[in-house]
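Each chain, written out:
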Amino acid sequence: MKGRQHQYGTHIAGKAACLIIFVAAMLLSESVMAQSLSLPGEVLPQQQQIAPTTAIDTSPRADWSNDRYGPVPSSPQVNIDSLPPFGANLFEGGFRGTMADGLNSSYRIKPGDQITVRAWGAVEFDGVMPVDAQGNIFIPSVGPLHVQGLSNSELDGQVRQAIQGVYPDQVNVYTNLQGVQPVGVFVTGYVTNPGRYAGTPSDSVLYFLDQAGGIDNSLGSYRNVRVMRGGSLVANVDLYDFLLHGQLPQQQFRDGDTIVVGERGPAIAVTGDVDREYRYELLGSHLIGSEIVRLARLKSGVSHVLVRGTRSTGPFATYVPVSQFSAMNVYSGDEVSFSADARAGTIVVSLEGSYFGPSRYALPRDARLGEFLDAIATPANMTAVESVSIKRESVAKQQGEALKESLRRLETTYLGASSSTPEEAEIRVREAELIQKFVERARVLEPSGRLVVASDQEIRDIRLQDGDVVTLPEVTDSILVSGEVTVPQAAVFRPGSRVRDYIDGAGGLTQRADDDNILVVRQSGEVRNADDVVLRPGDEILVMPKVPTKNIQLATSISQILYQIAVATKVAIDL
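Let me begin by describing the structure that accompanies this report. (Residues numbered from 1 in each chain as written. Predicted model: local features only at pLDDT ≥ 70, side-chain atom pairs only at ≥ 80, totals over all residues. Heavy atoms only, no water.)

### Examining empty space enclosed by the protein
Consideration 1: Within the structure shown, the criterion is met by 1 cavity of 30 Å³ or more.
Consideration 2: By volume, the largest cavity is sized at about 50 Å³.
Consideration 3: Of all the secondary structure elements, the ones that give two or more residues to the lining of the largest cavity are β8 (220-229) and β12 (279-281).
Consideration 4: Top element by residues in the lining of the largest cavity is β12. It accounts for 3 residues.
Consideration 5: Residue composition of the lining of the largest cavity, by class: 6 nonpolar, 1 polar and 3 charged. (1 Å grid on protein atoms, 1.4 Å probe; cavity = no way out; pocket = protein on both sides within 12 Å on 5 of 7 lines; lining within 4 Å. Points joined across faces, edges and corners; volume = space filled by probe spheres on them. Helix = DSSP H or I, 4+ residues; strand = E, 2+ residues; numbered from the N terminus. Nonpolar A, V, L, I, M, F, W, Y, C, P; charged D, E, K, R; others polar.)

### Here's the deal with the pattern of salt bridges
Consideration 1: Counting across every chain of the model gives 21 salt bridges.
Consideration 2: Arg-118 is the partner of Asp-126 in a salt bridge, and the nearest nitrogen-oxygen pair spans 3.1 Å.
Consideration 3: Residue class for Asp-126 comes out exposed when judged on its relative accessible area of 55%.
Consideration 4: Residue classification places Arg-118 among the partly exposed positions, given a relative accessible area of 33%.
Consideration 5: For Arg-160, the salt bridge identified is with Asp-156, shortest N-O distance 3.2 Å. Residue Arg-160 and its partner Asp-156 are both found in helix α2 (residues 152-166); the two are separated by 4 residues, about one turn of the helix.
Consideration 6: Judged by its relative accessible area of 25%, Asp-156 falls in the partly exposed class. (Salt bridge = Lys/Arg side-chain N within 4 Å of Asp/Glu carboxyl O. Buried < 20%, exposed > 50% of the residue type's maximum accessible area, 1.4 Å probe, protein only.)

### Some remarks on the packing of aromatic side chains
Consideration 1: By the definition in use, this model includes 8 aromatic pairs.
Consideration 2: Aromatic pair Tyr-278 and Tyr-280: ring centres 6.4 Å apart, planes at 80°, arrangement edge-to-face.
Consideration 3: Assessed through its relative accessible area of 1%, Tyr-280 is described here as buried.
Consideration 4: Taking the centre distance of 5.7 Å and the plane angle of 90° together, the rings of Phe-325 and Phe-338 count as edge-to-face. Of this pair, Phe-325 sits in helix α6 (residues 322-325) while Phe-338 is found in strand β17 (residues 335-339), placing the two residues 13 residues apart along the sequence.
Consideration 5: Residue classification places Phe-338 among the buried positions, given a relative accessible area of 1%.
Consideration 6: Ring pairs connect the aromatic residues Phe-86, Tyr-240, Tyr-278 and Tyr-280, which therefore count as one cluster.
Consideration 7: Its guanidinium or amino end placed over the ring of Phe-186, Arg-196 lies 5.6 Å from that ring's centre, counting from NZ or CZ.
Consideration 8: Directly above the aromatic system of Phe-316 lies the positively charged group of Arg-311, at a separation of 4.3 Å from the ring centroid. (Phe/Tyr/Trp six-rings, centres within 6.5 Å; stacked < 30°, edge-to-face > 60°. Lys NZ or Arg CZ within 6 Å of the ring centre and 35° of its normal.)

### Digging into the layout of surface pockets
Consideration 1: Of the volumes computed, that of the largest pocket is approximately 340 Å³.
Consideration 2: Surrounding the largest pocket, 21 residues form its lining, Arg-522, Gln-523, Gly-538, Glu-540 and Lys-570 being those nearest its centre.
Consideration 3: Elements with a minimum of two residues in the lining of the largest pocket: β25 (478-483) and α11 (552-569).

Encoded structure:
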């Protein structure tokens, strides 16, 4: 190792010396060129010459180790108007479907309501009494009783007291609010269908808004809904309280009341790793970060926040941890983007195959395969440690992308080729059918992502990655024969037997078999040509198919893809 380092250092020193000579030569050539182009009298005046001692500030302009610097956003700042407002689906719940009956305990009695009064004992009567325009009901043998403004829960006691004031002994009283007078409420402002809508005094503001088609999502406010009566403000409703906490003012409406939905106020856009990616309306000029976190409901693992907008000094952007963001003020027009951008100190590696102990391990981020294997207990003489391999997501992705690109090139090269004669055109049609069927089969295959780390009895001590699956295969006494053989099967390993012996034992090759293209796949994932390998237990003999075309270039292209598929999936796809 030291000898290699010395050789590598000598090489670097040689390259550095060459670089110094090259730079010196360039500077010398520029000096000679400058002198050859200078004419008498063209030298700058003394006061305009650059002082040779001028200091150049080479200090970095930013501390890139600071967590306030994050990844460059993949898209420009989001247009706030392109996001739906928080609460956009509020009026999909069918608030207009059921009208309230008004018979709740807090309902206030008004003229037009119907009240059932029954008395028995010293005096008897039973009737339904309307509340007149003066707010009274008339009780026989008792007289008028003012009930307007009483709550439903107070009504029975007031009537009982009036009757027992005339008949103090042996009188039983029962009262019931039988029905309420309907009201008509105007709904206007930024709603879909302004108008006058019928309901009961106990109906909620959502009932009337829903009848008007809901709030205009582009222009209407979910935080500024006013209830007006005779030109005066009765209630101001913030629907965020209902969306977040289920709180809604229990406003009792009167005939002629007006619900006014105000214009949408200043807003911010919240995007990224959140469950509620919406446009959020502000009540004032800003919103504190902790409130945004509560509104947006962050997904698991979110660590940082990017805030972009405009301030009086110009464009503004900052990138901070979530903990620091909680105390920040976010202003109208800002975009707040949450992201999981913290590097974990550990990785999770899974284990499969023949071993003792758990199947998942939390390891340091810089853990290597060698030290991991040293810590794994395996059954004696039952684990093929020399055939260890790793399934890695990034490798599977690369294999998949490479296969897609190869298939795309195959289609582009041969499906669009022109023909000069009818015979050639017929050949092209048959080739196109072959290619299309082949591509359809190939595209559904999923690469295994197998990373070969064991070869020639040597294991590469590579660094593990999060999500790796380390495979420790069990020692086996079988050989698998698959692909273009008559009867694909598993056979007992016989020392000294050749590949042909196992193929003959599987019924021999099929008519579609490529006799010159037979592969051996090791337990470690390594793929070798059958002509250059000594079989060992656990190997798989994979007989590749012959490409049924006389087009040498096409046959070569498909054969290359077949080999690529065999390496990535251990499958000999049928043509």
